[in-house]
Amino acid sequence: GGKNMIKHINKENFKTEILDSTEPILVDFFATWCGPCNMIGPVVERLSEERDDVEFFNVDVDKNPDLAMKYRIQSIPALVLFKDGEEANRSIGFITKDKIEELIS
């Protein structure tokens, strides 16, 4: 893969990695026990290897309930696209690779 592997993020580094970034960033909010999350994970990972124009992060909502609350994540998986530190788009539930590409385009 390229430079883009999915990086774990938590509230300590969320601001510097995401809010202060000028690059588009896709954040995958997930939990280890969530079936659809485990299905979408590899899809996001494949995309992260193909795309150099977007950064990819994931957030374990069980370990980071405050981030989940801040972004009103009520269902997972939730994919949230940030541009210039602002939420630009989001999608809830399992979606295909094509749909994720639409989300980040």
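Above this text you will find the structure in question.
Sequence positions are assigned chain by chain, starting from 1 and proceeding in written order. The predicted origin of the model limits local features to residues at a pLDDT of at least 70 and limits the giving and counting of side-chain atom pairs to 80 or more, whereas totals for whole chains, interfaces and linings rest on all residues. Water and hydrogen atoms were dropped before computing side-chain values, which therefore reflect all heavy atoms in the structure.

Student: Could you give an account of the state of the cysteines, with specific residues and numbers?
Tutor: A pair of cysteine sulfur atoms is labelled a disulfide when the two atoms are within 2.5 Å. Counted by the stated rule, this structure contains one disulfide. Each disulfide pairs two cysteine sulfurs, and for Cys-34 the partner residue is Cys-37, the sulfurs being separated by 2.3 Å. Residues Cys-34 and Cys-37 are joined by a disulfide whose S-S torsion is about 80 degrees; by sign, that bridge is right-handed. For the pair Cys-34 and Cys-37, a shared accessibility class is recorded, and that class is buried. The cut-offs for exposure are 20% and 50% of the maximum accessible area for each residue type, with area from a 1.4 Å probe on protein chains only; residues under the lower value are buried, those over the upper are exposed, and the others partly exposed.

Student: An account of the packing of aromatic side chains is requested, with residue identities and associated values reported.
Tutor: In this scheme Phe, Tyr and Trp rings, the latter by its six-membered ring, pair at centre separations within 6.5 Å, and the angle between planes marks the pair as stacked below 30 degrees, edge-to-face above 60, and tilted otherwise. Inspection of the entire model under this criterion finds four aromatic pairs. Between Phe-14 and Tyr-71 the ring centres are 5.4 Å apart and the planes differ by 40 degrees, which places this aromatic pair in the tilted class. Separated by 57 residues along the polypeptide, Phe-14 in helix H1 (residues 11-19) and Tyr-71 in the loop between helix H3 (65-70) and strand S4 (78-83) bring together distant segments of the chain. Under the relative-accessibility criterion, Tyr-71 is labelled buried at 10%. A centroid spacing of 6.4 Å and a plane angle of 45 degrees characterise the contact between Phe-29 and Tyr-71, whose relative ring orientation is tilted. Remark: Tyr-71 occurs in the loop between H3 and S4 and Phe-29 occurs in strand S2 (residues 25-30); sequence separation between them is 42 residues. As far as burial versus exposure is concerned, Phe-29 and Tyr-71 are alike and both buried. Strands are runs of DSSP state E lasting at least two residues, helices are runs of H or I lasting at least four, and both sets are numbered from the N terminus onward.

Student: Go over helix H2 (residues 35-50), please, and point to the residues and values.
Tutor: For a helix, the expected span equals 1.5 Å multiplied by the residue count minus one. Here H2 is 16 residues long and its end C-alpha atoms lie 24 Å apart, about the 22 Å a rise of 1.5 Å per residue gives. Regarding H2, the residues found buried are Cys-37, Ile-40, Gly-41, Val-43, Val-44, Leu-47 and Ser-48. Here, two residues are considered to be in contact whenever any of their heavy atoms come within 4.5 Å of each other. Against S2, strand S3 (55-60), S4 and helix H4 (97-104) lie the buried residues of H2.

Student: Explain the nonpolar core residue by residue, including any values.
Tutor: Nine residue types can take part in a nonpolar core, namely buried Ala, Val, Leu, Ile, Met, Phe, Trp, Tyr and Cys, and a core is a set of them joined through side-chain atoms within 4.5 Å. One finds Phe-14, Ile-18, Val-27, Phe-29, Ile-73, Ile-76 and Phe-82 to be the most contacted residues of the largest nonpolar core, which totals 21 residues. Mapped by element, the contributors of at least two residues to this core are H1, S2, S3, H3 and S4. The biggest single contributor to this core is S2, with four residues. Leaving out residues up to four positions away in the same chain, Ile-73 has contacts with Phe-29, Ala-68, Ala-78, Val-80 and Arg-90. Core analysis: the second largest hydrophobic core is formed by 14 residues, Ile-6, Ile-40, Leu-81 and Ile-100 among them.

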